[in-house]
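# Tertiary structure, described
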Amino acid sequence: MATVLDSIRNTDAARPERLRDKHGRAITDLRISVTDRCNYKCVYCRTGNEGAVYAELPIEDYLRIARVFVGLGIEKIRLTGGEPLLRKGLADLVRELSQLRTLDSTPLDLALTTNGHLLEELAEPLRDAGLSRITVSMDAVVADKFARITRVPGSYERVIKGVRAAKAAGLAPVKVNCVLLRGFNEDQIVPFAQFSREEGVIVRFIEFMPLEEDRLWTPESVVSLTEIVKALGSFRPIERMAPNTASETAVRYTFDDGVGEIGIIAPVTQAFCGHCSRVRLTSDGKIRTCLFSQSDHDLYGVMQRGGTDEEMARFIRSTVEQKEARHHIGEPGFLKPSRSMVHIGG
Ligand code: SAM
């Protein structure tokens, strides 16, 4: 029987205030990098140099951090890296996270982004652990071009098997993310449209951002949303689809016959910072409030000093409040962020 205390606990006043930044944006989306190791050396991401120092926390520490965030109103967690499938204990983390409930008592929206190299073996164990959907990064649908981008021979064949294993395991939707980089793969737009239609996967093109270890980025290297839309239209008439949510990053399209779905994520030419609901946790336990932040906030340091969950929550709240209004890509004086994508967690 419900007691007076229960009814007090259930009022909004008794609930913790949800994370919000000083610009009024609700922060509901957390990306956790579980390693900064990667088995690919994609040209637009890494230099390919060996010898980096890797940083990972014990799985139970990511879990504790995730719990504190969820207690503050996080509704969606995406696991990423580096390459998350390299991380020992990943399925255990997925199992625990899939049990978490949001402040509204709904299941947490749990997602994972991978390069797909190890997915053929891991799709089923991850599904069994409670993962329901997955995003695979693929930058070409032609084997030799793919291997030139990842700098790993045989990578295309592995990733295609991974995508198909994810579908066979019932992970749905399977999304495929493609970063377009002029001079490397802008000729892949129409082949990816055909891939979406034939494989029944959602393909999303992402504009190249200045987050790479090498100095490749120039405004001209970006294949823009406008160009992508034009190329798709030359293949078949396209139709705009309604957004799934207000903070959705992708502009969605299908074709005139309704077969295939293409999303375009345009952080450079059509920035969506005003709707940004994301913060990131790096694999060494630092909070990043924007991909382009110049500094990190050492949440793990609070834990290591014996901080309680309440102290961690206070640290998170005050960090998130300071989230940058927007990025300044392409503007005079733009500074590259203090870490590259593989060390932030994409
Ligand atoms: N290894 C996993 C993967 O390949 O999906 C997860 C980490 S990876 C850094 C996450 C995503 O960031 C990938 O889709 C990758 O293509 C994208 N990415 C990396 N560098 C980028 C850049 N400079 N601009 C845009 N996207 C980038």
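Look up: the structure comes first, before these words.
Read on for an overview of the structure.

What counts, and where the lines are drawn
- Residues numbered from 1 in each chain as written.
- Predicted model: local features only at pLDDT ≥ 70, side-chain atom pairs only at ≥ 80, totals over all residues.
- Heavy atoms only, no water.
- Helix = DSSP H or I, 4+ residues; strand = E, 2+ residues; numbered from the N terminus.
- Rg over C-alpha atoms; globule rule 2.2 N^0.38 Å.
- Buried < 20%, exposed > 50% of the residue type's maximum accessible area, 1.4 Å probe, protein only.
- Contact = heavy atoms within 4.5 Å.
- Areas by Shrake-Rupley, 256 points an atom, 1.4 Å probe, with all protein chains shown as cover.
- Near = heavy atom within 4 Å.
- Polar contact = N/O pair within 3.5 Å; in protein donor to acceptor, adjacent residues only side chain to side chain.
- Expected span 1.5 Å × (residues − 1).
- 1 Å grid on protein atoms, 1.4 Å probe; cavity = no way out; pocket = protein on both sides within 12 Å on 5 of 7 lines; lining within 4 Å.
- Points joined across faces, edges and corners; volume = space filled by probe spheres on them.
- Nonpolar A, V, L, I, M, F, W, Y, C, P; charged D, E, K, R; others polar.
- Core = buried A, V, L, I, M, F, W, Y, C linked by side-chain atoms within 4.5 Å.
- Lys, Arg positive; Asp, Glu negative; His and termini not counted.
- Salt bridge = Lys/Arg side-chain N within 4 Å of Asp/Glu carboxyl O.
- Pairing = 2+ DSSP bridges.

Of regular secondary structure, the protein chain possesses eleven helices and twelve strands. Whereas a compact globule of 346 residues would reach a radius of gyration of roughly 20 Å, the protein chain reaches 20 Å, a difference of no more than 12%. With the principal axes as the frame, the protein chain shows a C-alpha extent of 65 × 45 × 35 Å. Residues classed as buried in the protein chain amount to 51% of the 346 residues present. Considering only contacts in the protein chain between residues 6 or more positions apart, those separated by 24 or more positions represent 73%. For the protein chain, the exposed surface amounts to about 15,400 Å²; the carbon and sulfur share of it is 52%.

Take the site of the ligand next. Surveying the vicinity of the ligand reveals 17 residues, the closest of which are Tyr44, Gly82, Glu83, Ser137 and Met209. Within the backbone of Thr114, a nitrogen or oxygen atom sits 3.4 Å from an oxygen atom of the ligand. Met209 has a polar backbone atom sitting 2.8 Å from a nitrogen atom of the ligand. Relative to its unbound accessible surface of 550 Å², the ligand loses 94% to contact with the protein.

What follows concerns helix 6 (residues 155-168). Each full turn of the α-helix corresponds to 3.6 residues, which orients residues three or four apart in the same direction. Relative to the 20 Å expected for 14 residues at 1.5 Å per residue, helix 6 spans 20 Å between its end C-alpha atoms, a close match to the ideal helical length. Every buried residue of helix 6 is accounted for by Ser155, Tyr156, Val159, Ile160, Gly162, Val163, Ala165 and Ala166. Those residues of helix 6 hidden inside the fold are in contact with helix 4 (119-129), strand 4 (134-137), helix 5 (143-150), strand 5 (174-180) and helix 7 (189-199).

Here the focus is the layout of surface pockets. Gaps left between atoms show up when a probe the size of a water molecule is rolled over them. Size it by volume and the second largest pocket reaches roughly 230 Å³. Around the second largest pocket sit 16 residues that line it, and Arg240, Glu248, Thr249, Ala250 and Val251 are the ones nearest its centre. At three residues, strand 8 (residues 250-255) tops the list of elements feeding residues into the lining of the second largest pocket. Classifying every residue of the lining of the second largest pocket gives nine nonpolar, four polar and three charged.

Attention shifts here to the nonpolar core. Core analysis: the biggest nonpolar cluster contains 102 residues, and Phe69, Ile77, Leu79, Met138 and Phe205 have the highest contact counts within it. Broken down by element, the residue count for this core peaks at eight residues, all from helix 2 (residues 59-70). The contact partners of Met138, leaving out residues within four places of it in the chain, are Phe146, Tyr156, Val159, Ile160, Val163, Val176, Asn177, Cys178, Phe192 and Phe195.

Note on placement: Glu83 falls in the loop between strand 2 (76-80) and helix 3 (90-97). Despite being buried, Glu83 has no salt bridge partner; Arg46 is the closest side chain of opposite charge, sitting 9.7 Å away. A distance of 3.1 Å separates a polar atom in the side chain of Glu83 from the backbone nitrogen of Leu85.

So, about the pairing of strand 9 (residues 261-265). In terms of residue burial, strand 9 counts as a mostly covered element, since five of its five residues are buried. The alternating pattern of strand 9 places Glu261, Gly263 and Ile265 and Ile262 and Ile264 on opposite faces, both of which are buried. In this structure, strand 6 (residues 202-207) lies alongside strand 9, joined through five bridges in parallel fashion. What sits directly across from Arg204, in strand 9, is Gly263. In this sheet, strand 9 lies alongside strand 8 in antiparallel orientation, the contact comprising four bridges. Paired with Arg252 across the strands is Gly263, a residue of strand 9. Where strand 8 hands over to strand 9, the hairpin turn is made up of five residues, of which Gly258 adopts a positive phi near 75 degrees.

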